[in-house]
Amino acid sequence: MKKGLYTVTENRALTKSVFLMRLAGDTSAVTAPGQFVNIALDGLYLRRPISVCDVSEKEITLIYKVVGDGTEQMSRLPEGAALDLLTGLGNGFDASLSGSKPVLIGGGVGVPPLFWLAKKLLQEDKQVTVILGFNTKDEIFFQEEFKALGADVIVTTVDGSVGIKGFVTDALKTLHPSYTYSCGPLPMLKAVYNTSDADGQFSFEERMGCGFGACMGCTCKTKQGHKRICKDGPVLKKEEIVW
Amino acid sequence: MVDTSVCLSGLTLDNPVIPCSGTFGFGYEFADLYDINILGSISVKGTTREPRYGNDTPRIAECTGGMLNAVGLQNPGVDRVVSEELPKLAAVYHKPVIANISGFSLDEYVECCEKISAAPNVGIIELNISCPNVHNGGMAFGTSADSAQAVTAAVRKVTDKPLYVKLSPNVTDITEIAKACEAAGADGLSLINTLLGMRIDVKRRKPVLANTTGGFSGPAIFPVAVRMVWQVYNAVKVPIIGMGGIRTARDVIEMMLAGASAVQVGSENLVNPFACKEIIEALPIEMEKLNIAKLSDITGGAHHG
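Residues numbered from 1 in each chain as written. Chains lettered and ligands numbered in written order. Predicted model: local features only at pLDDT ≥ 70, side-chain atom pairs only at ≥ 80, totals over all residues. Heavy atoms only, no water.

**Side note on the overall build of chain B**
Note the cut-off: Helix numbers and strand numbers start at the N terminus; a helix is a DSSP run of H or I with at least 4 residues, a strand a run of E with at least 2. The quantity called the radius of gyration is restricted to C-alpha atoms. Its globule counterpart is 2.2 Å times the number of residues to the power 0.38. In what follows, a contact means two residues having at least one pair of non-hydrogen atoms within 4.5 Å. Per-residue and other accessible areas follow the Shrake-Rupley method at a 1.4 Å probe size, with only the shown protein chains counted as cover for residues. For this count, His and the chain ends are skipped, Lys and Arg are scored as positive, and Asp and Glu as negative. Charged side chains are reduced to one point each, which is NZ for Lys, CZ for Arg, CG for Asp and CD for Glu.
Helix and strand counts for chain B come out as nine helices and 15 strands. Here the C-alpha radius of gyration of chain B, 18 Å, is about what a compact globule of 305 residues would show, namely 19 Å. Projected onto its principal axes, the C-alpha coordinates of chain B cover approximately 50 × 50 × 40 Å. Restricting to contacts in chain B with at least 6 residues of sequence separation, those with at least 24 account for 72%. In the structure as shown, chain B presents an accessible area of about 11,300 Å², 52% of it carried by carbon and sulfur atoms. If you average the places of the 25 positive and of the 31 negative side-chain charges in chain B, the two averages end up 6 Å apart.

**Things to note about the sheet that holds strand β10 (residues 164-165) of chain A**
All names here are of chain A. Selection rule: Paired strands, as defined in this entry, are two strands with at least two bridges between them according to DSSP. Every angle, taken between N-to-C directions, lies between 0 and 180 degrees, and every axis is a line fitted to C-alpha atoms, over only the stretch in contact when it is a helix.
On the basis of which strands lie adjacent, the open sheet formed by seven strands has the order β10-β9-β8-β7-β11-β12-β15 and mixed pairing. The sheet is open, and its two edges are formed by β10 and β15 (235-237), each paired on a single side. On top of the sheet, helix α2 (residues 113-123) reaches β7 (102-107) and β11 (179-183); it is set at about 165 degrees to β7, its chief contact. Against the sheet, helix α5 (residues 186-195) makes contact with β7, β11 and β12 (200-203), and its axis sits at roughly 170 degrees relative to β11, the strand it touches most.

**Description of the pairing of strand β15 (residues 262-265) of chain B**
Residues and elements named next belong to chain B. Put simply, the test is: Three labels apply to residues, based on accessible area from a 1.4 Å probe with only protein chains included: buried if under 20% of the type maximum, exposed if over 50%, partly exposed otherwise in between. Handedness of a crossover is defined as follows: orient the strands so they point away from the viewer, and if the path from the first strand over the helix to the second runs clockwise, the crossover is right-handed.
In β15, alternate side chains face the same way, and those of A262 and Q264 on one face and V263 and V265 on the other are all buried. Here three bridges tie strand β3 (residues 17-19) to β15, and the two strands are oriented parallel to one another. From the neighbouring strand, V17 faces β15, where its bridge partner is V263. As defined by bridge partners, strand β14 (residues 240-243) adjoins β15 across three bridges and the pair is classed as parallel. Following the sheet pairing, G242 is matched in β15 by V263. Handedness of the crossover joining β14 and β15 through helix α7 (residues 249-258): right-handed.

**Remarks on the pattern of salt bridges**
Put simply, the rule is: Salt bridges are counted wherever a side-chain nitrogen of Lys or Arg sits within 4 Å of a carboxyl oxygen of Asp or Glu.
In total, this model carries 28 salt bridges over all chains according to the counting rule given. Note that D232 of chain A is salt-bridged to R228 of chain A, the shortest N-O span being 3.2 Å. Under the relative-accessibility criterion, D232 of chain A is labelled partly exposed at 27%. On the basis of relative accessible area, R228 of chain A is assigned to the buried category, the value being 12%. For R49 of chain B, the salt bridge is made with E50 of chain B, and the minimal N-O distance between the two is 3.1 Å. Residues participating in the shared-partner salt-bridge network are R49, E50, D79, E111 and K115 of chain B.

**Quick look at the confidence of the model for chain B**
A low pLDDT score tells you not to read the predicted coordinates there in detail. Quick note on the threshold: The predictor reports its confidence for every residue as pLDDT, a score running from 0 up to 100.
With 99% of its residues at a pLDDT of 70 or more, chain B has an overall mean of 96. Here the prediction assigns the complex a pTM of 0.95, and the interface score ipTM is 0.93.

**Considering empty space enclosed by the protein**
Residue and element names in this part refer to chain B. Which entries qualify depends on this criterion: Space inside and on the surface of the protein is sampled on a 1 Å grid over the protein atoms alone, with a cavity defined as a set of points where a 1.4 Å probe fits but cannot get out and a pocket as an open set with protein on both sides within 12 Å along at least 5 of 7 lines; lining residues have an atom within 4 Å of a point. Grid points are joined across faces, edges and corners, and a volume is the space filled by probe spheres set on the points. Residues are grouped as follows: Ala, Val, Leu, Ile, Met, Phe, Trp, Tyr, Cys and Pro are nonpolar; Asp, Glu, Lys and Arg are charged; all remaining types, including Gly, are polar.
Under the counting rule described, the total for this entry stands at one cavity of 30 Å³ or more. Looking at the largest cavity, its volume works out to about 490 Å³. S21, T23, N69, N193 and T194 are, among the 34 residues lining the largest cavity, the residues nearest its centre. For the lining of the largest cavity, the elements supplying multiple residues, two or more each, are β5 (66-69) and α8 (268-271). A class-by-class count of the residues in the lining of the largest cavity yields 14 nonpolar, 17 polar and three charged.

**Notes on the sheet that holds strand β9 (residues 188-191) of chain B**
Residues and elements named next belong to chain B. Read across the open sheet, the seven strands follow the order β3-β15-β14-β9-β8-β7-β6; overall the sheet is parallel. Looking at strand neighbours, the two that pair on one side only are β3 and β6 (97-101), the edges of this open sheet. On average, each strand axis in the sheet is inclined to that of its neighbour by 25 degrees, with strand direction left out of account. Contacts from helix α2 (residues 106-117) reach β6 and β7 (122-128) within the one sheet, and its direction differs from that of β7 by about 165 degrees.

Structure below.
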């Protein structure tokens, strides 16, 4: 974990409520896809945890949805604004377990952390399929970016306005993944868990106090004892999950 | 050179800054961030006789100037704390620590205290009779003078280590409880624990916390803590560890002027993991600005003249 100041180099809307923000600064603590940063914002006591979408030597890319005061404030930040971040939080996805044909499954704002993971797996010459689940056409983002990486992309929408009508699991059940990586709302994670026989990793969300393991605010039960979503997670392996 | 050292029941601390129980885990994980040996001491995660998962999530809520928690004393139980957690801390932190203990019955408090007192790196026992997030325990012991006195007396019999009782602000008159603890043999008092609070999610029309209520902490409670330390300082002779919303070196000095001999920093660790380090580094500078040569001289300083 590192604490530092970052400069907003880009902050633009991808959909009506989803934004992409690029931040320049020290990225050395960010070591695995699926990790998150914790952002201090004016007038708000607790930091806001946001998953890392991509990282380079000089920049961190975040994609976030405006859901409350904190993310609303973020959406209004101009280029050049400075933000105080804790970086390198959480364990992240273990890409080494993917097998040759991993399937990455993202629902809504669960999609962003899969981007860097897909990039990493494709660099290792894996055959990567990405299932992106949204409610409707207007909510879709990053479909083209995943395609540009070289992944096979399947989009599902609940209302059928684009791609397969239904849920991510309607696409997943036609595939034979070597391994799955999932991030999205809890009901989606559970449905993926129950749909695929393949081993996999699941990224969980919980209301956090600190984000780095000190307060025990985000503890969950697992088959291997109590785990802190922020420090021992947010990614849990299929075999340890207790629903 | 200013002198930042303070004394608690014969134990000299290099400075008065102690991370608060529940905001610093068992301490050793912070050793990756900075040399934690600069800390005056560490009050470790609240420990009970049995292992505890704690409350369901969400356990955390936010409010203006602070936060609410309803963790509910999650800890691995006293046996594992003594055999694993405290030794791990001793490997990276070479000073005596404060062991914070809780319970749901007198027997539990006594057994927990006996076991944890045997750990070589425990310098002070902090008897938590003020946790608002557990039922039929914790705060139930700290909200009446009789039960506070009874649990203090029972624990007093089984430990030779300095015994500090951590008081609840959720009472009509904190000085009555403070006096009862002192009479029962407490060597000192820690105050304040969190204030009982609650938030409601207006979209869902339901409490934010799974436990409904939680403990309110953060900078917003600082004036309440200063007032209670002030009152208790007037009511007892034993030393006070002051806490509640401290976030700067100036806050430390204010709390000591109210009557604290040392302080604990809580919630601020959660939003700034370097908070204690920054406060310790700023203390000598603030002391010079305020013409304080020896920090321990200012305890209760606002009461005189």
